[in-house]
Structure formats: structure tokens, C-alpha cells
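For reference, the chains in residue letters:
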Amino acid sequence: MGRPPCCDKVGVKKGPWTPEEDILLVSYIQDHGPGNWRAVPTNTGLLRCSKSCRLRWTNYLRPGIRRGNFTDHEEKLIIHLQALLGNRWAAIASYLPERTDNDIKNYWNTHLHKKLKKLEANGVSSSSSHQPISKGQWERSSKLTSTWQSKLYVMPCPSISRTVPRRS
DNA sequence: AAGTTGGCCAACCGCCTGCGT
DNA sequence: TACGCAGGCGGTTGGCCAACT
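Residues numbered from 1 in each chain as written. Chains lettered and ligands numbered in written order. Predicted model: local features only at pLDDT ≥ 70, side-chain atom pairs only at ≥ 80, totals over all residues. Heavy atoms only, no water.

What counts is decided by this rule: UniProt positions are given in the numbering used here, feature names are shortened, and annotations may be inferred rather than shown by experiment.
By the naming in an unreviewed UniProt entry, chain A is Myb-related protein 306-like, taken from Iris pallida. Recorded under Subcellular location (unreviewed entry), the UniProt text for chain A is reproduced unchanged: "Nucleus".

## Some thoughts on the pattern of salt bridges
Put simply, the test is: A carboxyl oxygen of Asp or Glu within 4 Å of a side-chain nitrogen of Lys or Arg is what we treat as a salt bridge. Each helix corresponds to a stretch of at least 4 residues labelled H or I by DSSP, and each strand to a stretch of at least 2 residues labelled E; elements are numbered beginning at the N terminus. Three exposure classes are used, based on accessible area relative to the maximum for each residue type with a 1.4 Å probe and protein chains only: buried under 20%, partly exposed in between, and exposed over 50%.
Under the criterion given, the structure shown has six salt bridges. Here R56 ties to D22 by a salt bridge, and the two come within 2.8 Å at their closest N and O atoms. With a gap of 34 residues between them, R56 in helix α3 (residues 50-61) and D22 in helix α1 (residues 19-32) connect regions that are remote in the sequence. For R66, the salt bridge identified is with E74, shortest N-O distance 2.7 Å. On the basis of relative accessibility, which here comes to 29%, the residue R66 falls in the partly exposed class.

## Describing the packing of α1 against α3
Applied cut-off: Between N-to-C directions, angles cover 0 to 180 degrees, with each direction set by a line fitted to C-alpha atoms, over the stretch in contact for helices. Reported orientations rely on four angle classes, namely roughly parallel under 35 degrees, roughly antiparallel over 145, roughly perpendicular from 65 to 115, and oblique for the rest. The criterion used for residue contact is that any of the two residues' heavy atoms lie within 4.5 Å. Gly falls in the polar group here, along with every residue not listed as nonpolar (Ala, Val, Leu, Ile, Met, Phe, Trp, Tyr, Cys, Pro) or charged (Asp, Glu, Lys, Arg).
At their nearest, the axes of α1 and α3 sit 11 Å apart, and the two run at 90° to each other. As the angle between them shows, α1 and α3 are arranged roughly perpendicular. On α3, the residues touching D22, L25, V26 and I29 of α1 are C53, R56, W57 and L61. Split into classes, the residues belonging to the contact of α1 with α3 amount to six nonpolar, no polar and two charged.

## Digging into the nonpolar core
Worth spelling out the cut-off: Note on terminology: a nonpolar core comprises buried Ala, Val, Leu, Ile, Met, Phe, Trp, Tyr and Cys residues joined through side-chain atoms within 4.5 Å.
Judged by nonpolar contacts, the single largest core of 17 residues is most densely connected at I78, L81, I92, L96, I104, W108 and L112. Going through the elements one at a time, α4 (72-85), α5 (89-93) and α6 (101-121) are the ones with two or more residues in this core. Excluding residues that lie within four positions of it along the chain, I78 makes contacts with F70, L96, I104, Y107, W108 and L112. Core analysis: the second largest hydrophobic core is formed by 11 residues, L25, W37, C53 and L61 among them.

So, in C-alpha cells, the structure goes:
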């Protein structure tokens, strides 16, 4: 028997969120806090899957999120961290607390990846030419150190509000 | 003005991990 | 120890919109 779906697909709404749904979700989380996502659709009456609720909150509704143009500093940091960590967007996002992993991933795929390719085509070496830390290296470093910051071998993160990456 | 193309980004999908039992 | 479930993550998709022909 295969693994059951995360939620009942029948009667679950998909697609863009409406302002009314956003209000329901935000007011519920303001009252109860994020977490226990499975209970959110039931308690709010939202016809959404729990995953969808969590995604909407973390990527769009969560307070403190900055949207729009990335600064030069953010761009350089993303390039540096991507070269260091590879496509571990959640780990990269922990260094940019105002940005979501989805935002960073989208920005990388649409802007930076092309930009770097262009630069490399022009013979300009980029930081992405470095080898990212392999999964094995990551795991080994995790055994040697206890703090999340030390795993990265880069500057300490000013505020890590998200969970540490998996396989850490 | 109408049709086509390409970029952007919100959201979905499926896999993995950690935790509780 | 094994199993089931919820949450987390990265890859991918699809719809919208602006630019172009």
C-alpha cells in the first residue's frame, strides 16, 4: 500500500489564493501561531491542503518578508552561498531573513543563473566555479561542529529564524 | 490592433526526514 | 525497532503580463 496523500484531494481547492483566504489564514495564525498545519484547513474552513496553507504563509504572508528587487549585497551573498552550498535554498534563505527560499530560488533561476553563464561565457570567472560542499562533506562537518553557523564556514548569520537545514 | 513569444513568480508535486507511538 | 504521519525542501509547472513582430 502506498503512502496516502497529505490531504484529501477531493474538495481541495488549488490555484491562486484570494484575499479572503489570506485573511482567514492570517487571522488564524495570529490567534494560534504557525504550526499544526493539518488543523488549519479544518479550523479555518479553508478548502486548502495543509501544505498549501504552510507554503502560502511562509512564502507570502509571513511578517517581515521583503518583496521586489534584490540589492547588490543580497545578490552577491546569494551567489557566494550558492557556490558554497549548492542549491540548498532553505539554508541560503537563513542568511537572508527577509527573503524566502522560494524567492531566492526563483531569483537564481531567472536572473543569476543566466547572469553567471553570461559572465563565464565572457571568460570572467565567477564564484560558482568553486565546488559546492558535497552532501558527505556537509554531513561530516555536522558531526564535527555543533552550531549551524560553523557548518557554513562563512560569516555568522545575524538572525536565523528558520529551521536548520535537513541532513545537518 | 492582434497575435506570438519569453520572462517572472506563485503554487503544486513528490520525495525525504524527524518525531511520536 | 518498525511504522505512520506531518512538516520541510527542492524541482517543476502553469498562468499572467509585458515586449516584440
